[in-house]
Amino acid sequence: MKNWILIFVISSVILLISCQEEEREFINPDIDTTIPRNSQLAGLMKNVVTHDGSFDDIVDQGHCFSVKLPYRILLNGDELVITSNLDYQNISTTDSIEIQFPIRIIQSNHQENLVENLAELENFRNNCKSNDEDIECIDFVYPILLSTFDSTSNQLKTTEIGHDSQMFSFMLDVNQTTSISINYPIKLLLHDGAEIEAQHNTDLLNEILDAASVCDENDG
């Protein structure tokens, strides 16, 4: 009888160890998809989804933020409602431009701020760095599925990302005990309209670096 009890105990221990090993294998990060929090790739991804505010500099003169559409300006004394980015093509550097306040601006971290007058706008302009870290010539094609594993709570979670602002917040909020992995393949859009695909981390890293190396940044 004692021998059967001993065999049962040993078998149970072996089974428990085996289950633990299988669980560890399941949550073991895949080096092809897992992105360490302070890695080069994590930083580049954050730069890709940083809000680019340079496209409307002809009006707001602040490359680190943009004015939220729609809003009104006086163009050479006549009122013009800016409703899309195409409207900026009708404005030249020789035109007289007066922004009609109040307006809302979108900063590089996607935060929105109400601006009541020109003096407040000047403060935001003065806080712009001479060269932003944003990468303007490559974009993610959404939706993208990201998985996280928290080593403290031992919890796995999958999140669908549908916009740059979501991706920016997601990358910013990840703590030291959480690892991120991408559900590949994902698509990226180049500024010439070409669409490319990344199959793993190395692909994604190289595509971002290649795009950034030939990109003509508009920052002042």
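In case you missed it, the structure is sitting above this.
*Asks:* Help me out: how do you make sense of the pattern of salt bridges in this one?
*Replies:* Side chains carrying opposite charge are able to pair once their charged atoms draw close together. For the structure on display, the rule yields five salt bridges. Across the salt bridge formed by Glu 112 and Lys 68, the nearest N and O atoms sit 3.1 Å from each other. A residue pair is termed long-range when its members are at least 10 positions apart, and Glu 112 in strand S7 (residues 112-115) and Lys 68 in the loop between strand S2 (65-67) and strand S3 (71-75) qualify at 44 residues. Accessibility expressed as a relative area gives 32% for Glu 112, which makes it partly exposed. Here Glu 112 makes a salt bridge to Arg 104, at a shortest N to O gap of 3.3 Å. Overlapping salt bridges, with partners in common, bring together Lys 68, Arg 104 and Glu 112 in one network.

*Asks:* I would appreciate a short explanation of the packing of aromatic side chains in the present structure.
*Replies:* What describes a pair of aromatic rings is the distance from one ring centre to the other and the angle between the planes of the rings. Using the criterion set out here, one finds three aromatic pairs in the structure. Centre to centre, the rings of Phe 65 and Phe 124 are 6.3 Å apart; their planes meet at 65°, and the pair counts as edge-to-face. Placement of Phe 65 in strand S2 and of Phe 124 in helix H4 (residues 118-126) is noted, with a sequence separation of 59 residues between them. Given the relative accessible area of 1%, Phe 65 is considered buried.

*Asks:* Help me understand the environment of Ile 161 in this model?
*Replies:* Secondary-structure assignment places Ile 161 in strand S10 (residues 155-161). Counting along the chain gives 16 residues from Ile 161 to Leu 145, while the straight-line C-alpha distance between them is 6.2 Å. The contacts of Ile 161, once residues within four sequence positions are left out, are Tyr 142, Pro 143, Ile 144, Leu 146, Gln 166, Met 167 and Phe 170.

The rules behind the values
- Residues numbered from 1 in each chain as written.
- Predicted model: local features only at pLDDT ≥ 70, side-chain atom pairs only at ≥ 80, totals over all residues.
- Heavy atoms only, no water.
- Salt bridge = Lys/Arg side-chain N within 4 Å of Asp/Glu carboxyl O.
- Helix = DSSP H or I, 4+ residues; strand = E, 2+ residues; numbered from the N terminus.
- Buried < 20%, exposed > 50% of the residue type's maximum accessible area, 1.4 Å probe, protein only.
- Phe/Tyr/Trp six-rings, centres within 6.5 Å; stacked < 30°, edge-to-face > 60°.
- Contact = heavy atoms within 4.5 Å.

Without other data, these values stay purely geometric and don't point to any function.
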